Amino acid sequence: MRLSYSAISTYQKCPLSYKFMYVDKLPTKPSHYLSFGSSIHSALEFFYNVEKPEPCSLERLLEELDNVWLNDGYEDEAHERQYKEKGRVILTQFYHDNVLRFAVPVAVEKRFSLDIDGVTLSGVIDRIDRLSSGGIEIIDYKTNDKLPPKTKMNTDLQLPIYHMAVEELYGTAPQKVTFYFLVPNQKISVRKTKNDVAKTKDTIFKVANDIKAQKFDPFKNPLCPWCDFIELCPLHKDDPAILARAAANGKISAGKNQQAATITTIQELKQSATEIEKAVDEYLDLTQTISTARLRLNELQSTIHDYCEAHGLASISGTRGKLGRKARKTTHYNIDKLRELLEPRGLWEKVLDVNGRLLKELLDDKASQGELRKIIETAKEVEEISYVLYVKDELTEQ
Ligand code: SF4
């Protein structure tokens, strides 16, 4: 079986999208992210693909960006211009940071093909440098706007796969493996241990075996609105909001999808996506404001209570109003006493009710007999369904 890092990563994100892309080989939609990333990679390949340590001028590098520029996937000319300008800024920054220590790399865009117990792993390493210590550093360029979370970088398979490839190609383990984030202009280097490599191999085998077993279930994830196959996905056919977001990202054609049929044009889908996104953003902002306000209210309450307590006050004034202070008693009934009082009057039965918490404890108790649990469950009736919103952490979801 042949696999690449991208294929493995696609499978890990969603097995069904892997199937659509690598098994069914369905066409993908043009993406400006991919075009932009490829253009920058090609310009940097040109910069380093030299025989002598004589870097070209910045003007020549920027001219090369024009030569290798891919224009697929941009919304319009203005959008493309904006990205080209961004590319020029990134390359200018890169040039200034690297030109003085320019050295001819060991390799650029180095292809590899590794056999790991029957799984052939192939890929391309952006750049391989020789360090002053004599060791090897792998560089992988990234054009993301932000750094991914640390946990993602630590568990990502790309660098350990490259580590294995370099070990195979040059007979020595790389000293450093580095993600070079070009937009925030930050390098993150990590060392991969034998243990990391062993874990990576285990993951690769697991993915390969799952693919062989044709395990292609869809897996909902935060990148679904950017999925090229969302129109074919069974998980989102009843979710107009996510389809609208996908349409706004150019991943859906109006009218092709049953759910989208009611919304006839891409323009409407985009508008709908923008509105729902605004609503979600406003909700998140308000949640944050309320939770900050709640914390502050608690602080103020204790300050005011402490002051009233110390001075024996039942009310206190500010410049805009007055606060009263009274004790709120929390009470509970003495069950034995209550029973003693009500039972002789024939009223005890009238106040008996099922205690939901205690019932749940009874049901959760492993010691509860299966039969009893089944009987109690049959008495459960849905009275009302209500929905709550909660803030989801996209990173843990990933
Ligand atoms: S939309 Fe999401 S769940 Fe469906 S195939 Fe694409 S990535 Fe998978």
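What you are looking at is a predicted structure, and each value in this text was computed from that prediction instead of being measured.

So, how was this worked out
Residues numbered from 1 in each chain as written. Predicted model: local features only at pLDDT ≥ 70, side-chain atom pairs only at ≥ 80, totals over all residues. Helix = DSSP H or I, 4+ residues; strand = E, 2+ residues; numbered from the N terminus. Contact = placed C-beta atoms within 7 Å. Near = placed C-beta within 6 Å. Nonpolar A, V, L, I, M, F, W, Y, C, P; charged D, E, K, R; others polar. Domains from an automatic or database assignment. Buried ≥ 20, exposed ≤ 12 C-beta atoms within 10 Å, placed from the backbone. Core = buried A, V, L, I, M, F, W, Y, C linked by C-beta atoms within 7 Å. pLDDT = per-residue confidence, 0-100. Pairing = 2+ DSSP bridges. Axes fitted to C-alpha atoms, helices over the stretch in contact; angles between N-to-C directions. Parallel < 35°, antiparallel > 145°, perpendicular 65-115°, else oblique. Arc of directions from axis to C-beta.

Moving on: the overall build of the protein chain. Each helix and strand counted, the protein chain has 15 helices and eight strands in total. A fraction of 60% describes how many contacts in the protein chain between residues 6 or more apart in sequence connect residues 24 or more apart.

This part is about the environment of Phe216. Counting through the fold element by element, Phe216 comes out in the loop between helix H8 (194–212) and helix H9 (240–248). The contact partners of Phe216, leaving out residues within four places of it in the chain, are Pro15, Leu16 and Lys19.

Moving on to the site of the ligand. Taken together, 14 residues surround the ligand, and among them Cys14, Pro218, Cys224, Cys227 and Cys233 come closest. The residue inventory of the shell around the ligand, partitioned by class, reads 10 nonpolar, three polar and one charged. For the shell around the ligand, the domains that each give at least three residues are domain 1 (2–212) and domain 2 (224–273).

Glancing now at unusual backbone geometry. Positioned with a positive phi, Glu109 is a non-glycine residue whose angle comes to about 45°. Within the fold, Glu109 resides in strand S2 (residues 107–116). On the neighbour-count criterion, Glu109 (15 C-beta atoms within 10 Å) is partly exposed. Its identity is not glycine, yet Asp117 carries a phi of approximately 45°, on the positive side. Relative to the helices and strands, Asp117 resides in the loop between S2 and strand S3 (119–130). Looking at Asp117, the number of C-beta atoms within 10 Å reads 8, which means it is exposed.

Nonpolar side chains tend to gather and get buried jointly when the protein is soluble and globular. Residues Ile138, Tyr162, Ile230 and Leu243 are the most contacted members of the largest nonpolar core, which totals 39 residues. Breaking this core down by element, the ones donating at least two residues are helix H1 (5–13), helix H2 (15–23), S2, S3, strand S4 (136–142), helix H7 (158–170), H8 and H9. Ranked by residue count, the leading element in this core is H7, at six residues. Viewed by domain, this core spans two of them, domain 1 (2–212) and domain 2 (224–273), each represented by three or more residues. Phe36, Ala43, Phe47 and Phe94 belong to the second-largest nonpolar core, a separate cluster that totals 10 residues.

For the protein chain, the average pLDDT comes to 86, and 89% of its residues sit at 70 or higher. With pLDDT under 50 throughout, residues 394–398 is counted as low confidence; its partners more than four residues away or in other chains account for eight contacts.

Bringing the pairing of strand S5 (residues 176–181) into the picture now. Note: S4 against S5, six bridges, orientation parallel. Opposite Glu137, over in S5, you have Lys176 as the bridge partner. Sheet topology note: the S5/strand S6 (residues 186–190) ladder contains five bridges and is antiparallel. Within the sheet, the bridge partner assigned to Tyr180 lies in S6 and is Lys187. Linkage of S5 to S6, two consecutive antiparallel strands, is achieved through a turn of four residues, within which Asn185 is found at a positive phi near 55°.

Of the strand pairs in this sheet, S3 and S4 are connected by four bridges, and their pairing is antiparallel. When the bridges of S4 are listed, Asp129 appears paired with Glu137. Between S3 and the antiparallel strand that follows it, S4, lie five residues; Gly134 among them carries a positive phi value of about 95°.

At a minimum axis separation of 9 Å, H7 and H8 run at an interaxial angle of 105°. Taken together, the axes of H7 and H8 are roughly perpendicular relative to one another. Residues Pro160, Ile161, His163 and Met164 of H7 form the contact with H8, whose participating residues are Asp196, Val197 and Thr200. Residue composition of the contact of H7 with H8, by class: four nonpolar, two polar and one charged.

This part covers H1. Listed as buried for H1 are Tyr5, Ile8 and Tyr11. The buried side chains of H1 occupy one side of the element, clustering within an arc of 130° when seen end-on. Elements that come into contact with the buried residues of H1 comprise strand S1 (2–4), H2, S3, H7 and H8.

This part is about the packing of H1 against H2. Running from N to C, H1 and H2 point in directions that differ by 140°, and their axes come no closer than 5 Å. Compared by their axis directions, H1 and H2 come out oblique. Facing Ala7, Thr10, Tyr11 and Lys13 of H1, the residues of H2 in contact are Pro15, Ser17, Tyr18, Met21 and Tyr22. Taken together, the residues that form the contact of H1 with H2 break down as six nonpolar, two polar and one charged.

The next thing to look at is the environment of Asp156. Looking at where Asp156 falls in the secondary structure, it is placed in the loop between helix H6 (150–155) and H7. The spatial distance from the C-alpha of Asp156 to the C-alpha of Tyr5 is 9.8 Å, given a sequence separation of 151 residues.

A separate point is the environment of Ser315. Positionally, Ser315 belongs in strand S7 (residues 315–317). Between the C-alpha atoms of Ser315 and Ile304, which are 11 residues apart in sequence, the distance is 9.9 Å. If we ignore the near neighbours within four places in the chain, the residues touching Ser315 are Lys322, Leu323, Gly324 and Arg325.

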